[in-house]
Amino acid sequence: MPSLEAVHLIKSFSLLSCSFCLLAVYALANTLDQPIQQDLSKAVLVLPHGEVPSSMSAAAEMLSIEPGKRCGKPLAIKTGNDAAASVPRIILTLRDQIEKSHPYAPAEILSGTGTSQAEKFQIVSHQSTTEVWIVGDDGRGVLAGAGYLLRKMAWKNGQALFP
């Protein structure tokens, strides 16, 4: 028959191992619950070729400067398809320009037509292509979308994370 000390030791070990298992399951559950986030701290901002509304230029400048303050380096601004597809891209465009300037746009953007409204925007993010699209019905819509994107970003360890 085991001694009383051995019984207490076995009970303590069992309780400790159960606590460890519960803690591991809790940590795994919390990790799986978190959305995958894209790091946009090295992204390139892409504006359409040609003349763009001043509010759209202001959106690009704001999206360049703000991550630069928090991550150490402002984002580059390119036009058209000058940005390499291998780097994360934040594409700013007007809804009425999508089909002619971005024929490769995701289907949910191309089908997202309807009544145009001032300051209306749509943000579409694809993890597989590391692209974030900000589509405005007008320049102010792109500016509002840029502000929304900045508010939703999580800033930590030099990263600009967007869900």
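What you are looking at is a predicted structure, and each value in this text was computed from that prediction instead of being measured.

## A few points about the pairing of strand β2 (residues 44-47)
So, step 1. Residues Val44 and Val46 of β2 are buried on one face, and the alternating residues Leu45 and Leu47, pointing to the opposite face, are buried as well.
So, step 2. Sheet analysis places β2 next to strand β3 (residues 76-79), joined by four bridges and oriented parallel. When the sheet's bridge partners are listed, valine 44 is paired in β3 with alanine 76.
So, step 3. The parallel pair β2 and β3, bridged by helix α2 (residues 54-71), forms a crossover whose chirality is right-handed.
So, step 4. Pairing between β2 and strand β4 (residues 89-94): three bridges, direction parallel.

## Structural notes on the sheet that holds strand β7 (residues 154-156)
Paired through their backbone hydrogen bonds, the strands of a sheet run either parallel or antiparallel.
So, step 1. Read from one edge to the other, the open sheet built from three strands follows the order β1-β8-β7, with strand pairing classed as antiparallel. Only two strands of the sheet have a single neighbouring strand rather than two, namely β1 (38-39) and β7.
So, step 2. Sheet topology places β7 next to strand β8 (residues 159-162); three bridges connect them, and they run antiparallel. Paired with lysine 156 across the two strands is glutamine 159, which belongs to β8.

## Things to note about the sheet that holds strand β6 (residues 131-136)
So, step 1. Pairing in this open sheet of five strands is mixed, and the strands run β3-β2-β4-β6-β5 from one edge to the other. The open sheet is flanked by β3 and β5 (121-126), the only strands paired with a single partner. Taken over all neighbouring pairs, the strand axes of this sheet differ in orientation by 20° on average, direction set aside.
So, step 2. The pairing of β5 with β6 spans six bridges and is antiparallel.

## Some points on the packing of aromatic side chains
So, step 1. Under the defined criterion, the tally for this structure stands at one aromatic pair.
So, step 2. Taken together, a centroid distance of 5.7 Å and an interplanar angle of 45° make the contact between phenylalanine 121 and tyrosine 148 tilted. Of this pair, phenylalanine 121 sits in strand β5 while tyrosine 148 sits in helix α5 (residues 139-152), placing them 27 residues apart in sequence.
So, step 3. For phenylalanine 121, a relative accessible area of 29% translates into the label partly exposed.

## Thoughts on α5
So, step 1. For α5, which comprises 14 residues, the first-to-last C-alpha distance of 20 Å matches the rise-based estimate of 20 Å (1.5 Å per residue) to within 8%.
So, step 2. Those residues of α5 lying buried are Gly139, Gly141, Val142, Gly145, Ala146, Gly147, Leu149 and Leu150.
So, step 3. In this structure, the buried side of α5 is in contact with α2, β4, β5, β6, β7 and β8.

## Details of the packing of α2 against α5
So, step 1. Running from N to C, α2 and α5 point in directions that differ by 15°, and their axes come no closer than 7 Å. With respect to each other, α2 and α5 are oriented roughly parallel. In the packing of α2 onto α5, the handedness of the crossing is left-handed. Across the interface between the two elements, Ser55, Met56, Ala58, Ala59, Met62, Leu63, Glu66 and Pro67 of α2 pack against Gly139, Arg140, Val142, Leu143, Ala146, Gly147, Leu149 and Leu150 of α5.

## Observations concerning the pattern of salt bridges
So, step 1. Here the structure, examined in full by the defined rule, presents six salt bridges.
So, step 2. A salt bridge links arginine 70 to glutamate 66, with the nearest nitrogen and oxygen atoms 2.9 Å apart. Highlighted residues: arginine 70 and glutamate 66, both in helix α2, separated by four residues, approximately one helical turn.
So, step 3. Here aspartate 137 ties to arginine 95 by a salt bridge, and the two come within 3.0 Å at their closest N and O atoms. One end of the pair, aspartate 137, is in the loop between β6 and α5; the other, arginine 95, is in the loop between β4 and α3 (98-101), and 42 residues separate them in sequence.
So, step 4. Looking at arginine 95, the relative accessible area reads 15%, which means it is buried.
So, step 5. Members of the salt-bridge network, linked through shared partners, are Glu66, Lys69 and Arg70.

Rules behind the numbers
Residues numbered from 1 in each chain as written. Predicted model: local features only at pLDDT ≥ 70, side-chain atom pairs only at ≥ 80, totals over all residues. Heavy atoms only, no water. Buried < 20%, exposed > 50% of the residue type's maximum accessible area, 1.4 Å probe, protein only. Helix = DSSP H or I, 4+ residues; strand = E, 2+ residues; numbered from the N terminus. Pairing = 2+ DSSP bridges. Right-handed = clockwise from strand over helix to strand, strands pointing away. Axes fitted to C-alpha atoms, helices over the stretch in contact; angles between N-to-C directions. Phe/Tyr/Trp six-rings, centres within 6.5 Å; stacked < 30°, edge-to-face > 60°. Expected span 1.5 Å × (residues − 1). Contact = heavy atoms within 4.5 Å. Parallel < 35°, antiparallel > 145°, perpendicular 65-115°, else oblique. Left-handed = near helix turned anticlockwise from the far one by under 90°. Salt bridge = Lys/Arg side-chain N within 4 Å of Asp/Glu carboxyl O.

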